[in-house]
Structures are given as structure tokens and as C-alpha cells.
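# Reading the structure
Next come the chains, spelled out residue by residue.
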Amino acid sequence: MRRRSAAALTALTALTALTAALATGCGSDDEPDPLRNQQWALNSLELPGAWSTAKGEDTVIAVVDTGVDPDHPDLEGRLVDGYDFVDGDDEPKDLNGHGTHVAGIAAAHTDNGVGIAGGAPGAKIMPVRVLGADGSGSDANITKGIVWAAQHGADVINLSLGESGLMARLLKGGVLNDAISVANGKGAVVVAAAGNDATLLQPYELDTPVLVVNAADENGQPAEFTNFGAQNAVAAPGVDILSTLPTYTAKETLRNTTGYGKLSGTSMASPYVAAVAALLHQQGLSPTEIMAAIRDTAKNPAQSPKLGLGNVDAAAAVKAAADGN
């Protein structure tokens, strides 16, 4: 039996004004990213203030998802070897679009004169394809993908698999809890999307070492679709998030092959938190310390339960790590 991923997300914008240069890539280092001013989430997360201390160097973020466009100009040189558990080979090409969008949020090139900026511009992306072109995947492949990533050097593992149907079957007392525990034991931080059904639920066993991410809007308020209720969850931007998309025809690019577009969902919030985890990994923190730093510096002044512990503050988390707190 197969379930769908959190790609119950809608492509909200086709960026038809992008030039051919953005799609094919012709920028160089130290040039501003032309679409940076559309990335409200970077400022909301206080990421620019964190980059002066850490950018995620020497860190690998595994995107366990639908694969990644291997030739995208904003991801060129960002990828390490991955694996395709759907086709059983070492070419995890994205035939859906979801995984490429997640990868760009986490670690697209920054200040290269092309497209967007990634949350951890010094990190690498490990594409692990466990979901097919339709966004669905088997229990076994998802579980194997998590463990494989940890065994092959992933420091952070992002799981944008947030639909409640998948969670109900896999997560509550299911095999995914064990896979996450194995990955954590090998030194990887596991970050996971909460889901998009506006539902109160505790998706993982309470002792599972996972950082669950709810979605917030541009005003720092809970996104209307976000699930909530997971123990010690945090929140991050997840509405109208601009990122990379495949430059060829795929499920999310039927009318937009510019290489960029906007999606909404906790699937978009999760890789932003994975990026913050990468910054903290560069600072030498353990998985437990990374999750604690992100949680302890999250802000929720109105004590909204749908934001969990609060909105993530990358600059505060990095500063706390630098100060040894």
C-alpha cells in the first residue's frame, strides 16, 4: 500500500518574468541573487544575521523526498552522491518537483547572481529518492532512505512527508520511529514536517529524537493549514515560499519550467529548520544540542499552541551556540 507525501501543496505562482539566464544559470560568486527580495522567509528566520557566524560548511543535508534536479543552476555543485530507492539506482532525479523545491530552500547557492538564496549556503545536499513522480512512496523505501542517508554521511536529514495519512500509518508506533532513532544514533539530526491538515496530533512516539516543524505565515502567525500538537515542535515560514523547481517538465512544473516557483506547506517550513540545524552542526554541536538550541531560542510571545515552542530564530540559535549556552 502506498501513501502520498506532503506534496498536497499547490504551486501558487508561475514566475513567468524570470529570464532565460535564471533558468540556465550564468551568474558568478558575490553577485546578489535576483529573486532574493521575494524570499521573506530568510529575514523572518533571521538567517542573514546568522551567516556571519556559520553557513553550514562541512555539513550534508539529506533530502529524503522525490529526488532533486541534478542540473539546476542554483543547485549545481551543491549535491553529493545520493540514491534512488524507487528505481533502485544511484540517479535520484526528481520527476515530481517537490524534492527540488525542498533542496533549494535548504541550501541553494547564495550570492551567485542566479535565482534565490538557500538557508544554509555552505551546506551540501544529499538527494535520497523515496517518493515517485506522483509523490507517493512505500513504507519500506522511506524507512530505508532515512537509514541509508545516516549511514552515508548525512549530518541533517529532512523529512517533508507531512500528510496525516502517512503519519497515522508510519509514525505512531510505526517503523519510521525506529529509523529516526537509528539515524540519530549515527549522529544525524532528523527534522520533519508536521503536516498540512490543520489537525491536532502527536505524530511520533514521545521518545523519538525528531524535531517536528509547524508552518507560519509572513506575520509569524500559524499557517491556516498547519498541523500542530507534536511534542516540542517549532515553527518556520511555510506560506508562499519561493524556491527551485526542476527546469524540465515534472508534476509541479507542467506550466512553469523557469526553474523557480512558490509552494506552501509544512514541507517548506521543515527544510528551513534543517538549514538552521546545518549552521549549528558547523559550530560543532551534537544532534541533541542542535535540537535544544533551536527549541530554546524559538519565540512564541503570544503562546500560540499552533506555533509549538515558537518561531525559529537562526541568529539567536547560532549566537547561543557560539556563547556556549
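Please refer to the structure placed before this passage.
In short, a report on the structure. In this text the structure is predicted, and so the values were computed from the model without any measurement.

### Looking at the sheet that holds strand β9 (residues 211–216)
Judged by pairing direction, the sheet is parallel, and its seven strands sit side by side in the order β4-β5-β3-β7-β8-β9-β10 without closing on themselves. In this open sheet, the two strands that pair with only one neighbour each are β4 (83–84) and β10 (234–237). Pairing of strand β7 (residues 156–159) with strand β8 (residues 189–193), which is carried by four bridges, proceeds in the parallel orientation. The partner of Ile157 across the bridge, within β8, is Val190. Across the sheet, helix α4 (residues 98–107) touches β3 (60–65), β5 (124–129) and β7, and the angle it forms with β3 is around 160°.

### Some remarks on the pattern of salt bridges
For the structure on display, the rule yields four salt bridges. Between Asp323 and Lys319 there is a salt bridge, and its shortest N-O distance comes to 2.7 Å. For Lys319, a relative accessible area of 51% puts it in the exposed group.

### Examining the nonpolar core
Among the nonpolar cores identified, the biggest contains 61 residues, and Leu47, Ile61, Val273, Leu280 and Ile294 are the most heavily contacted of them. A per-element tally of this core places helix α8 (residues 266–282) first, with 11 residues. Residues Val60, Val147, Ala154 and Ala179 belong to the second largest nonpolar core, which totals 31 residues.

### Observations concerning the packing of aromatic side chains
All told, the structure shown has three aromatic pairs when counted by the stated rule. Consider the rings of Tyr83 and Phe85, whose centres lie 4.8 Å apart with planes at 65°: the pair is edge-to-face. You can call Phe85 buried: its relative accessible area is 15%. For the ring pair Phe85 and Trp148, a centre distance of 6.4 Å and an interplane angle of 80° mean the geometry is edge-to-face. Here Phe85 is found in the loop between β4 and α4, whereas its partner Trp148 is found in helix α5 (residues 139–151), with 63 residues between them in sequence.

Rules used in this analysis
- Residues numbered from 1 in each chain as written.
- Predicted model: local features only at pLDDT ≥ 70, side-chain atom pairs only at ≥ 80, totals over all residues.
- Heavy atoms only, no water.
- Pairing = 2+ DSSP bridges.
- Helix = DSSP H or I, 4+ residues; strand = E, 2+ residues; numbered from the N terminus.
- Contact = heavy atoms within 4.5 Å.
- Axes fitted to C-alpha atoms, helices over the stretch in contact; angles between N-to-C directions.
- Salt bridge = Lys/Arg side-chain N within 4 Å of Asp/Glu carboxyl O.
- Buried < 20%, exposed > 50% of the residue type's maximum accessible area, 1.4 Å probe, protein only.
- Core = buried A, V, L, I, M, F, W, Y, C linked by side-chain atoms within 4.5 Å.
- Phe/Tyr/Trp six-rings, centres within 6.5 Å; stacked < 30°, edge-to-face > 60°.

None of the figures reported here should be taken as evidence of function without further support.
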